[in-house]
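Next come the chains, spelled out residue by residue.
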Amino acid sequence: MSETLANLLQENRRFEPPAALADAANVKADAYEEADADRLAFWAKQAHRLDWAKEWDQVLDWSNPPFAKWFVGGELNVAYNCLDRHVAAGRGDKVAIHWEGEPGDTRTLTYADLHALTCQAANALADLGVRAGDRVAIYLPMIPEAAVAMLACARIGATHSVVFGGFSADALSGRIQDASAKVVITADGGYRRGKPSGLKTIVDEAVAQCPTIEHVLVVRRTGQEVAWSERDLWWHETVETASTEHEAQPFDAEHPLFILYTSGTTAKPKGILHTTGGYLTQASYTQHAVFDLKPETDVYWCTADIGWVTGHSYIVYGPLSNGATQVMYEGTPDTPHKGRFWDIVDKYGVTILYTAPTLIRTMMKWGDEFPAAANLSSLRVLGSVGEPINPEAWMWYRKNIGHDNTPVVDTWWQTETGAIMISPLPGVTGTKPGSAMRPLPGISADVVDDEGKSVPNGGGGFLVLREPWPSMLRTIWGDDQRFIDTYWSRFPGMYFAGDGAKKDDDGDLWLLGRVDDVMLVSGHNISTTEVESALVSHPSVAEAAVVGATDPTTGQAIVAFTIPRGSVDTAGDAGEALIKELRDHVAKTLGPIAKPRQIMLVAELPKTRSGKIMRRLLRDVAEHRSLGDVTTLQDSTVMDLISDGMKSAK
Ligand code: 6R9
């Protein structure tokens, strides 16, 4: 980006919190003042929401930036905070997880059940020679054992590295090798789209390249045939026969809790390292503040996969440290039918739902009749994470899922930040559709120009974080220099997240996607997000992805790939007419500079497994290049369809 980002999209709708929710909210407006007055005292207070075996001596040691130490000298056990203390307080019979398998089988685990299983797994891992500081790879489907495996590692101080159950053997073995993991925990398979998929076979292939692996611990989920070797152990023979007694030892606040690899589209994946005290403090506080979680009455559901940071912070550590009751679902949203999610909300009386824009737009495409067929009246807070949420998708979510009165919290954060950083507070913030609004109390985010100077309200540029925060990454595993180069070099003294953003006239923040995706059209920096949002604001469009393709006159030209809503006719002339209408609609909404050169109507878009649109691949298509690396793609056949469509449109 050569200058600041153009600010094209205007949004004037406002939604105040419902009065009853605001009155009873966990966190009120004074939290901002309190944190502004003394940021470190504010975080120390949030750390006291946890049980510490030993109090810290210093809240933050920032004497050697960018290497932060939080709660220096403090000691705690993460699993103790997620399980034992709830059981000890007499809440052992409370449901921790309502688990729903894709085929319709269910399991209910109370806090006492989860505690017993975690103790068994901790004992079993210790018996296998896993010690504090060792690394354990976890490659599991969305079954309760995934949470148990993570908690068991935390309990004995082993550092877990969860690898997404959909990743290839190569991706898995690269991650195992980078972390020198000793044990892999996996399953025979899991259910996706109505079929059992194999996991153990992929582990076998991966582990053949991994000399550090001593054991593979296998949960039986599908019962499918698996190859077996000497290093393999069944979970039900090893864990479920171990003692349910296990005393959790406290660990230093800076003890490594987990490594999670960010996908890294071209370069080697980065092993993002999170530690114990600061991470749990912020994951736990944000769960309480951003979702207004009331453990006694709420039923919370985060639809993410455990292999994504959202699953770490907002399925495992955030909800469990708060003693929440939550739903965990194994499968896909359209198995056996497109109303599955809403049936789950209805069945369990879900009150807080946390999902991703990609899912919301998919639901828009499928049609309003699916959520309308279920009783969603239990819902009271809706969350969004993973990508910028287009204002129309936000409106659709509020109206069709949140019965037009539920706050929507758009939460911005990253694997690297560990927990939510920018978000409305549901009982405090008057929200604007599409805006993540303000940094949370205790967080200092800003938007700066090319030279690192804060942009005025109404301006756009680079999103940075100015002060260290408790759940920040501590380094890239094994590569401190890469940590400095990647995050702290672009703007000295500031963490640069890689995202573009703008401040509106009130100073509220709008995330504009990765700066690598910004288009330079006739000398103007235009964010893909704004053009996509303009397209999605047309009633015929469910989802859109926009890229800049090299153009002889304008430098780059805007090419849009657009998915029409379910009921829209796109055959023949109707399709041509719609394309013309959409180009005009964008020009009218954002100005003529943003009018796409070309719009393609497509059935699917290429996405990563966590649902982010892979614009890089669409750029390859738009510029008629052969495709780059497609290994992180959720469904590789999507690209063939799009490329074929592009050729016929030429
Ligand atoms: C939690 C997570 C991080 C990147 C981040 C940004 C995008 C996430 C967003 C959002 C706009 C939001 N992102 N939440 N963009 N609004 N509410 O997604 O972590 O997988 O590491 O991705 O996702 O681009 O930089 P991760």
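Residue numbers restart at each chain and count upward from 1, following the sequence in its written direction. Owing to the predicted nature of the model, reporting of local features is limited to residues with pLDDT of at least 70; listing and counting of side-chain atom pairs is limited to 80 or more, with chain, interface and lining totals taken over all residues. With hydrogens and water stripped out, all remaining heavy atoms of the structure feed into the side-chain values.

Taking an unreviewed UniProt entry as the reference, the protein chain is identified by name as Acetyl-coenzyme A synthetase belonging to Asanoa ishikariensis. Entered under Sequence similarities (unreviewed entry) in the UniProt record, the comment concerning the protein chain runs "Belongs to the ATP-dependent AMP-binding enzyme family." UniProt positions are given in the numbering used here, feature names are shortened, and annotations may be inferred rather than shown by experiment. Among the UniProt annotations of the protein chain, the heading Cofactor (unreviewed entry) holds the following wording: "Mg(2+)".

Peer 1: Would you mind showing me how to read the overall build of the protein chain here?
Peer 2: Summing up its helical and strand segments, the protein chain has 20 helices and 30 strands in all. In summary, the protein chain has a C-alpha radius of gyration of 24 Å against a globular reference of 26 Å for 650 residues, a match within 12%. By its C-alpha atoms, the protein chain is 70 × 60 × 50 Å across when sized along the principal axes. Here the term buried applies to any residue with accessible area under 20% of the maximum for its type, exposed to any over 50%, and partly exposed to those in between, with areas from a 1.4 Å probe on protein chains only. Relative to its 650 residues, the protein chain shows a buried fraction of 64%. Runs of E in the DSSP output that reach at least two residues are strands. Runs of H or I that reach at least four are helices, and both are numbered from the N terminus. Only C-alpha atoms enter the radius of gyration, while the globule expectation follows 2.2 Å times N to the 0.38, with N the number of residues.

Peer 1: For this particular structure, what's the right way to read the site of the ligand?
Peer 2: Neighbouring the ligand are 17 residues, the closest being Trp308, Asp410, Thr411, Thr415 and Asp499. In the model, a nitrogen atom of the ligand is placed 3.4 Å from a nitrogen or oxygen of the Pro388 main chain. Here a polar contact is recorded for every N or O atom pair within 3.5 Å, except that within protein the pair must consist of a potential hydrogen donor and a potential acceptor, and residues adjacent in sequence are included only if both atoms are side-chain atoms. At a separation of 2.9 Å, an oxygen atom of the ligand approaches a polar side-chain atom of Asp499. When isolated, the ligand has an accessible area of 530 Å², and the protein chains bury 93% of it. One heavy atom within 4 Å of a molecule or strand makes the whole residue count as near it. Every accessible area reported is derived by Shrake-Rupley at a probe size of 1.4 Å, with residue values counting cover from the shown protein chains alone.

Peer 1: What should I look at first to understand the pattern of salt bridges in this one?
Peer 2: Pairing is possible between side chains of opposite charge, provided their charged atoms come close. One speaks of a salt bridge when a side-chain nitrogen belonging to Lys or Arg is within 4 Å of a carboxyl oxygen belonging to Asp or Glu. This structure, assessed with the given rule, holds 45 salt bridges. Between Glu11 and Arg13 there is a salt bridge, with its nearest N and O atoms 2.8 Å apart. You can call Arg13 partly exposed: its relative accessible area is 30%. A salt bridge links Arg221 to Glu330; its shortest N-O distance comes to 2.7 Å.

Peer 1: Could you clarify how one ought to interpret the UniProt feature "binding site: Mg(2+)" (unreviewed entry) in the protein chain in this entry?
Peer 2: UniProt tags Val536, His538 and Val541 as "binding site: Mg(2+)" (unreviewed entry). Among the structural elements, Val536 can be located in helix α17 (residues 528-536). Of the residues examined, Val536 reaches a relative accessible area of 1% and is grouped as buried. Throughout, a contact is declared for two residues whenever any of their heavy atoms are within 4.5 Å. With near-sequence residues (within four places) excluded, Val536 lies in contact with Met364, Asn390, Glu392, Ala393, Val541, Ala542, Glu543 and Ala544. Secondary-structure assignment places His538 in the loop between α17 and β28 (541-551). Discounting chain neighbours no more than four positions away, the residues touching His538 are Leu578, Glu581, Leu582 and His585.

Peer 1: What is the right way to look at the sheet that holds strand β24 (residues 495-503) in this model?
Peer 2: Across a sheet, strands are paired by hydrogen bonds formed along the backbone, either parallel or antiparallel in direction. If DSSP finds at least two bridges between two strands, the strands pair. In spatial order, the strands read β21-β22-β24-β25; together these four strands make up an open sheet with antiparallel pairing. For this open sheet the edge positions go to β21 (445-448) and β25 (509-514), each flanked by a neighbour on one side alone. This sheet shows a mean twist of 45 degrees between the axes of neighbouring strands, independent of strand direction. Where β24 meets β25, four bridges bridge the pair, whose relative direction is antiparallel. Looking at β25, one finds that Ala501 is bridged to Leu511. Geometry is summarised by axes, namely lines fitted to C-alpha atoms with helices restricted to the contacting stretch, and by angles between N-to-C directions that run from 0 to 180 degrees.

Peer 1: I keep staring at the confidence of the model for the protein chain and nothing clicks. Help me out?
Peer 2: Every residue gets a pLDDT, meaning the predictor's confidence in that residue, from 0 to 100. A residue-level look at the protein chain finds 97% of positions with pLDDT of 70 or above and a mean pLDDT of 95. Model confidence for the protein chain, summarised as mean pLDDT per element, is weakest for helix α20 (residues 637-649) at 70 and strongest for helix α10 (residues 277-290) at 99. As scored by the predictor, the complex reaches a pTM of 0.95 and an ipTM of 0.99.

Peer 1: Is there a simple way to explain the sheet that holds strand β4 (residues 95-100) in this structure?
Peer 2: Read across the open sheet, the seven strands follow the order β5-β4-β17-β16-β18-β19-β20; overall the sheet is mixed. Of all the strands in the sheet, the pair left with one neighbour each is β5 (106-110) and β20 (408-410). Looking at each pair of strands side by side, their axes are set apart by 15 degrees on average, direction ignored. Where strand β16 (residues 299-302) meets strand β17 (residues 325-329), three bridges bridge the pair, whose relative direction is parallel. Bridge assignment links Trp301 to a residue of β17, and that residue is Val327. Sheet strands in contact with helix α12 (residues 340-348) are β4, β5, β16, β17 and β18 (352-355), and its direction is about 145 degrees off that of β4.

Peer 1: How do you make sense of the environment of Glu145 when you look at a structure like this?
Peer 2: Tracing the chain through its elements places Glu145 in helix α6 (residues 144-156). Spatially, the C-alpha atom of Glu145 lies 9.3 Å from that of Leu114, the residues being 31 residues apart in sequence. Leaving out residues up to four positions away in the same chain, Glu145 has contacts with Arg107, Leu140, Val219, Trp235 and Glu240.

Peer 1: What's the story with the pairing of strand β8 (residues 183-187) in this structure? I'm lost.
Peer 2: Taken residue by residue, a regular strand's side chains alternate between the two faces of the sheet. For β8, the tally of buried residues reaches five of five residues, placing the bulk of the element in the interior. Every second residue of β8 is oriented toward a common face, with Val183, Ile185 and Ala187 on one face and Val184 and Thr186 on the other, all of them buried. By the bridge criterion, four bridges tie strand β6 (residues 135-139) to β8 in an arrangement that is parallel. Its bridge partner being in β8, Ile138 is matched across the sheet by Ile185. Relative to strand β11 (residues 215-219), β8 is paired through five bridges, and the arrangement is parallel. Of the residues in β11, the one forming a bridge with Ile185 is Leu217.

Peer 1: When you look at the packing of aromatic side chains in this model, what are you seeing that I'm missing?
Peer 2: Note on aromatic pairs: each is described by the distance of the centres and the angle between the planes. Each Phe, Tyr or Trp ring, with Trp reduced to its six-membered ring, pairs with another whose centre is within 6.5 Å; inter-plane angles below 30 degrees give stacked pairs, above 60 give edge-to-face pairs, and intermediate values give tilted ones. Enumeration according to the criterion identifies 31 aromatic pairs in this entry. Arranged with centres 5.0 Å apart and planes meeting at 85 degrees, the rings of Phe258 and Tyr279 form a pair that is edge-to-face. Note that Phe258 is positioned in strand β14 (residues 256-262) and Tyr279 in helix α10, a separation of 21 residues in sequence. One exposure class covers both Phe258 and Tyr279, and it is buried. The interplanar angle of 85 degrees and the centroid separation of 5.8 Å between the aromatic rings of Tyr314 and Tyr354 together place this pair among those described as edge-to-face. Placement of the pair is Tyr314 in helix α11 (residues 309-321) and Tyr354 in strand β18, with a sequence separation of 40 residues.

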